[in-house]
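# Working through the structure, step by step
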Amino acid sequence: AQSVTQLGSHVSVSEGALVLLRCNYSSSVPPYLFWYVQYPNQGLQLLLKYTSAATLVKGINGFEAEFKKSETSFHLTKPSAHMSDAAEYFCAVSASGGYQKVTFGTGTKLQVIP
Amino acid sequence: GAVVSQHPSWVICKSGTSVKIECRSLDFQATTMFWYRQFPKQSLMLMATSNEGSKATYEQGVEKDKFLINHASLTLSTLTVTSAHPEDSSFYICSARDRERGNHNEQFFGPGTRLTVL
């Protein structure tokens, strides 16, 4: 069984400030972890993924996330927020190995204040 | 690469009619496609997993006779909402798993279909 908890359904940051979106996971086996972004009325786009290689994962648009097994966390960060980062972000988990079901978190809406 | 399209992007229909939504992988072969439903300001709810050439696997609580899924080829899956009612109004999103990259469980998502049942 696996689950994902995203702390904070809404996060507001000023343009240029650090973005930190929190994700904690639960998995009975080694996990794969994902961050997706969704813009209004669109599907989801993969930002980055952890698949048991490097624990610090770099993704698109300047985002990165660090897998911390001891904390069961996979928080998403970006040093400097842009207005275009405003969107909904979903953390997701699957068991490691191929062809596993993916479980999504409830999402965090990021607001960027000019 | 890894583009998934959905058609239509939005549809309005009368209660009692059926609506078909197509999901296509444009530049890769998808052995597995997934159908999700997303309510406003909520996460994605997996409805069913569709494997090419076999019957779809539905999640608990999803009526398979109401949400018919067909995955006839490696690039096309369809979801038909039969006898639609207003409570079926939602945003339906499909995703596909690349046959060549399935080992990482990465899914590529379509842009979604907004269904409104009057």
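Heads up: the structure comes first, above all this text.
Below is a summary of the structure that appears in this document. Computed from a predicted model, the values in this text were never measured in an experiment.

Turning to the overall build of chain A, a few remarks are in order. If you tally the helices and strands in chain A, you get zero helices and 11 strands. Along the chain direction, N to C, the helices and strands of chain A fall in the order β-β-β-β-β-β-β-β-β-β-β. Since a compact globule built from 114 residues should have a radius of gyration of about 13 Å, the 13 Å found for chain A is in line with a globular shape. A buried classification covers 43% of the 114 residues belonging to chain A. Long-range pairs, those at least 24 residues apart, make up 56% of the contacts in chain A with a sequence separation of at least 6. Carbon and sulfur atoms make up 53% of the accessible area of chain A, which amounts to about 5400 Å² in all.

All names here are of chain B. The four strands are arranged β1-β3-β8-β7 in an open sheet whose pairing can be described as antiparallel. Strands with a single pairing partner mark the edges of an open sheet, and in this sheet they are β1 (4–7) and β7 (67–73). Pairs of neighbouring strands in the sheet enclose a mean axial angle of 15 degrees, with direction left out of account. Where β7 lies against strand β8 (residues 76–81), five bridges are found, and the strand directions are antiparallel. Its bridge partner being in β8, N70 is matched across the sheet by T78.

So, about a nonpolar patch on the surface. Residues and elements named next belong to chain B. Taken together, the side chains of W10, I12 and L118 make up a nonpolar region of the molecular surface, amounting to roughly 390 Å² of accessible area. Relative to the elements of secondary structure, L118 occurs in the segment after β11 (113–117). Note on L118: relative accessible area 62%, which makes it exposed.

Quick look at the environment of G110(B) now. Mapped onto the elements, G110(B) comes out in the loop between β10 (108–109) and β11. By relative accessible area, which is 1% here, G110(B) ends up buried. Residues G110(B) and E22(B), spaced 88 residues apart in sequence, show a C-alpha to C-alpha distance of 10.0 Å. Each residue touching G110(B), except ones within four places of it in the same chain, is listed here: G43(A), L44(A), V4(B), Q6(B), I93(B) and C94(B).

We now examine the state of the cysteines. Residue and element names in this part refer to chain B. Across all of its chains, the model carries two disulfides over all chains by this definition. The disulfide bridge from C23 ends at C94, spanning 2.0 Å between sulfur atoms. Its torsion about the S-S bond being 80 degrees, the disulfide of C23 and C94 is classed as right-handed. Taken together, the residues span a long stretch of sequence, with C23 in strand β3 (residues 19–25) and C94 in strand β9 (residues 90–98) at a distance of 71 residues. Comparing C23 with C94, the two get one shared label, buried. The thiol of C13 is unpaired, and the distance to the nearest cysteine sulfur, on C94, comes to 18 Å.

In this section: the interface of chain B and chain A. With 22 residues of chain B at the contact, the number on the chain A side is 23 residues. Across the contact surface, chain B and chain A share two salt bridges. A salt bridge links K49(A) to E106(B); the nearest nitrogen and oxygen atoms lie 2.5 Å apart. Where chain B packs against chain A, one counts six residue pairs in polar contact (both at pLDDT 80 or more). Breaking the side of chain B that touches chain A down by element, the ones donating at least two residues are β4 (30–38), β5 (44–51) and β9 of chain B. Across the side of chain B that touches chain A, the residue classes break down as seven nonpolar, 10 polar and five charged.

This part is about unusual backbone geometry. The peptide bond linking H7(B) to P8(B) adopts the cis configuration, its omega dihedral lying at 0 degrees. Look at T72(A): it is not a glycine, yet its phi comes out positive at around 45 degrees. Among the secondary structure elements, T72(A) is positioned in the loop between β7 (64–68) and β8 (73–78).

The rules behind these values
Residues numbered from 1 in each chain as written. Chains lettered and ligands numbered in written order. Predicted model: local features only at pLDDT ≥ 70, side-chain atom pairs only at ≥ 80, totals over all residues. Heavy atoms only, no water. Helix = DSSP H or I, 4+ residues; strand = E, 2+ residues; numbered from the N terminus. Rg over C-alpha atoms; globule rule 2.2 N^0.38 Å. Buried < 20%, exposed > 50% of the residue type's maximum accessible area, 1.4 Å probe, protein only. Contact = heavy atoms within 4.5 Å. Areas by Shrake-Rupley, 256 points an atom, 1.4 Å probe, with all protein chains shown as cover. Pairing = 2+ DSSP bridges. Axes fitted to C-alpha atoms, helices over the stretch in contact; angles between N-to-C directions. Patch = residues over 30% accessible without salt bridge, like charges linked within 9 Å, V, L, I, M, F, W, Y side chains within 5 Å. Salt bridge = Lys/Arg side-chain N within 4 Å of Asp/Glu carboxyl O. Disulfide = S-S within 2.5 Å. Polar contact = N/O pair within 3.5 Å; in protein donor to acceptor, adjacent residues only side chain to side chain. Nonpolar A, V, L, I, M, F, W, Y, C, P; charged D, E, K, R; others polar.

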